[in-house]
Amino acid sequence: MQTTILYIGRDTEITAVMNRLLNARPEWKGICVCSDDEAISICKEQQVDLVLLGNGIDAECEKALRSKLTGIKPGLKIIQHYGGGSGLLYGEVMSAL
């Protein structure tokens, strides 16, 4: 069974890298977006197991995103992704799940 991970970031280049890293593991399905509206739409339409908040999301936006996403899917796990490569990413995801 695949774990669906939604990454939300603001930098398109980093978002592309995250897409590659998340989808490199067969047990993960990564969906990577740069806009809050896209993220909200995806959460409404698809099963999402974990949300990673990436670079460039300020505190006010993060608070609003958390509220909207958990309003759609109560209990949805949402964590901050701090970067640092695939090893750290794996650790973050596994500890969140």
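Reading the values: rules and limits
Each residue is numbered by its place in its chain's sequence as written, counting from 1. pLDDT decides what is reported in this predicted model: residues at 70 or higher carry local features, side-chain atom pairs at 80 or more are listed and counted, and totals for whole chains, interfaces and linings draw on all residues regardless. Excluded from the side-chain calculations are hydrogens and water; all other atoms, namely the structure's heavy atoms, are used. We count a stretch as a helix when DSSP gives it H or I for four or more residues in a row; a strand needs E for two or more, and each element gets its number in order from the N terminus. When a residue's accessible area, from a 1.4 Å probe over protein chains only, is under 20% of the maximum for its type it is buried; when over 50% it is exposed; and in between it is partly exposed. Residue-level accessible areas treat just the shown protein chains as cover; the underlying method is Shrake-Rupley with a 1.4 Å probe. The charged-residue count follows a simple rule in which Lys and Arg add positive charge and Asp and Glu add negative charge, with His and chain termini not counted at all. To locate a charge, the coordinates of NZ of Lys, CZ of Arg, CG of Asp or CD of Glu are taken. By convention in these notes, a salt bridge is any Lys or Arg side-chain nitrogen within 4 Å of a carboxyl oxygen on Asp or Glu. The span expected for a helix works out to 1.5 Å for each residue beyond the first. Taken from the helix axis, the directions to the C-beta atoms give the arc we talk about.

Requested: an account of the overall build of the protein, with residues and values cited.
Helix and strand content of the protein: four helices and four strands. For the protein, the α and β elements follow one another from N to C terminus as β-α-β-α-β-α-β-α. With the C-alpha coordinates aligned to their principal axes, the bounding extent of the protein is approximately 30 × 30 × 20 Å. In the protein, buried positions account for 42% of the 97 residues. Split by element, the accessible area of the protein, about 5,300 Å² in all, is 52% carbon and sulfur. If the 10 positive side-chain charges of the protein are averaged to one point and the 12 negative ones to another, these points end up 6 Å apart.

Go over the pattern of salt bridges with me, naming the residues and quoting the values.
Oppositely charged side chains can form a pair if their charged atoms are brought close together. On inspection of all chains with the given rule, the structure shows three salt bridges. Salt-bridge contacts for Arg 10 lead to Asp 36; the nearest nitrogen and oxygen are separated by 2.8 Å. Taken together, the residues span a long stretch of sequence, with Arg 10 in the loop between strand 1 (3–8) and helix 1 (12–23) and Asp 36 in helix 2 (residues 36–45) at a distance of 26 residues.

Give a description of helix 3 (residues 59–72) that names residues and reports values.
The end-to-end C-alpha separation of helix 3 is 20 Å, in line with the 20 Å expected for 14 residues at 1.5 Å each. Within helix 3, burial applies to Cys 61, Glu 62, Leu 65 and Leu 69. Each buried residue of helix 3 lies within a common arc of 95 degrees when the element is viewed along its axis, so the set occupies one face. Of the residues in helix 3, the exposed ones pointing more than 90 degrees away from the buried face are Ala 59, Glu 60, Lys 63 and Gly 71.

That's the geometry; what it means functionally is another story.
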